[in-house]
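# Notes for the structure review
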Amino acid sequence: MSYQKRTALALAAALAGPVVLMAAPAAHADVVDVNYKCETPIGPKAAVSPIDIKAVKSGSAYKLTMSFQKGVSSSPVALGAGAMSPSAVIKVGGPDKGTVAVSGPANTAEIPANSPIKISDLSGTYTPKASGKVTFTASILTIKALGTTTTCTPGNSPGPSLALDVTGTGASAPESLPRTGPLDSAVALGTLGGTVLLSGAAGVLWLTRRGARAHG
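Structural notes, computed from the coordinates. Since the structure is predicted, the reported quantities are computational estimates derived from the model, not experimental observations.

## Description of the overall build of the protein
Scanning the protein from terminus to terminus reveals three helices and twelve strands. Put simply, the protein has 216 residues, and 29% of those count as buried. Carbon and sulfur atoms form 62% of the exposed surface of the protein, whose accessible area is close to 13000 Å².

## Side note on the state of the cysteines
Throughout the structure, instances matching the rule amount to one disulfide. Disulfide pairing places C38 opposite C152 at an S-S distance of 2.1 Å. Judged by the torsion about the S-S bond (110°), the C38/C152 disulfide is right-handed. A residue pair is termed long-range when its members are at least 10 positions apart, and C38 in strand β2 (residues 32-40) and C152 in strand β11 (residues 148-154) qualify at 114 residues. Residue classification places C38 among the buried residues on the basis of a relative accessible area of 1%.

## A look at the nonpolar core
By size, the foremost hydrophobic cluster in this structure holds 33 residues, and its most contacted members are Y36, M66, Y126, F136 and L141. At the level of secondary structure, the elements contributing two or more residues to this core comprise β2, β3 (43-58), β4 (61-68), β6 (84-93), β7 (98-103), β9 (122-126), β10 (132-145) and β12 (162-166). Take this core: its biggest share by element is six residues, from β10.

## A few points about the packing of aromatic side chains
Overall, the coordinates contain three aromatic pairs when judged by the stated rule. On the numbers, 5.0 Å between centres and 80° between planes, the contact of Y126 with F136 is edge-to-face. In this pair, Y126 is assigned in strand β9 and F136 in strand β10, connecting sequence segments ten residues apart. Across the pair, exposure class does not vary: Y126 and F136 are buried alike. Above the face of the Y62 ring, K57 is positioned so that its terminal group lies 5.5 Å from the ring centre.

## Considerations on the pairing of β6
Note: β6 against β10, nine bridges, orientation antiparallel. Counterpart to S85 in the pairing with β10 is K144. The sheet contact formed by β6 and β7 spans six bridges and is antiparallel. Within β7, the position partnered with K91 by the bridge is T99. Here β6 folds back onto β7, and the loop between the two strands holds four residues, one of which, G94, carries a positive phi near 95°.

## As for the pattern of salt bridges
According to the stated counting rule, one finds two salt bridges in the structure shown. A salt bridge links K54 to D52; the nearest nitrogen and oxygen atoms lie 2.3 Å apart. In this structure, D165 and K133 form a salt bridge, with 3.3 Å as the shortest nitrogen-oxygen distance. Of this pair, D165 sits in strand β12 while K133 sits in strand β10, placing them 32 residues apart in sequence. In this structure D165 comes out as partly exposed when scored by relative accessible area, which is 34%. Classification of K133 by relative accessible area gives partly exposed; the value is 46%.

## A short note on unusual backbone geometry
With a phi angle near 60°, N114 is a residue other than glycine that sits in the positive phi range. Following the sequence through the fold, N114 ends up in the loop between β7 and β8 (116-117). Within the chain, L146 stands out as a residue other than glycine whose phi angle is a positive 50°. When you line up the elements, L146 lands in the loop between β10 and β11. Exposure remark for L146: the relative accessible area of 55% places this residue in the exposed category.

## Side note on the side chain of D52
Looking at the secondary structure, you find D52 in strand β3. Given a relative accessible area of 9%, D52 falls into the buried group. Within the structure, the side chain of D52 is placed 2.3 Å from the side chain of K54, a separation counted as a polar contact. Once you skip the residues sitting within four places of it in the chain, D52 turns out to touch D30, V31, T65, M66, S67 and Q69.

Each value, and the rule that gives it
- Residues numbered from 1 in each chain as written.
- Predicted model: local features only at pLDDT ≥ 70, side-chain atom pairs only at ≥ 80, totals over all residues.
- Heavy atoms only, no water.
- Helix = DSSP H or I, 4+ residues; strand = E, 2+ residues; numbered from the N terminus.
- Buried < 20%, exposed > 50% of the residue type's maximum accessible area, 1.4 Å probe, protein only.
- Areas by Shrake-Rupley, 256 points an atom, 1.4 Å probe, with all protein chains shown as cover.
- Disulfide = S-S within 2.5 Å.
- Core = buried A, V, L, I, M, F, W, Y, C linked by side-chain atoms within 4.5 Å.
- Phe/Tyr/Trp six-rings, centres within 6.5 Å; stacked < 30°, edge-to-face > 60°.
- Lys NZ or Arg CZ within 6 Å of the ring centre and 35° of its normal.
- Pairing = 2+ DSSP bridges.
- Salt bridge = Lys/Arg side-chain N within 4 Å of Asp/Glu carboxyl O.
- Polar contact = N/O pair within 3.5 Å; in protein donor to acceptor, adjacent residues only side chain to side chain.
- Contact = heavy atoms within 4.5 Å.

What follows is the structure in structure tokens.
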């Protein structure tokens, strides 16, 4: 093989390396069985539904979609179209903590009496505040129908349905801070005001000596 061909192959291999790294998956999703314990107007009920959570990036935020693959709870009377409104909470874990509220449209078709209530896809917006691998886990489900409210709580401590690598909007970029020159030093000092106050007399002495050297 000629020197030119070997060089071309080596260059192609070097260029291909970063592409493989960039193509690595940034999310991992699982369909998780959630054993909902529901407090209904006619007493407690229980149902297991596999839950799927997906995320689609939109600017600096993500649209989360929570899907129920089986119905939960039931009604002793038929629920006409538009009579039932669902909402839920997704628990956020990992480096970012909190919850995301998700909701969905009312039922478009009648739900027969004493049959599992099929929940439509619920969606909401998540904006990361911290960076790292964040998890999303199904939490409380709320069903409102005919003037009543049913609250369903996971009773089996389900695992996350989604793990996602995110970059928080609150992350600062230290390299962007000023570094050189008298004005830059003053601005940098402003960003570290708390540190200077804590240093007390030692900090004042350091600033005085630094000023003397600058005028020497």
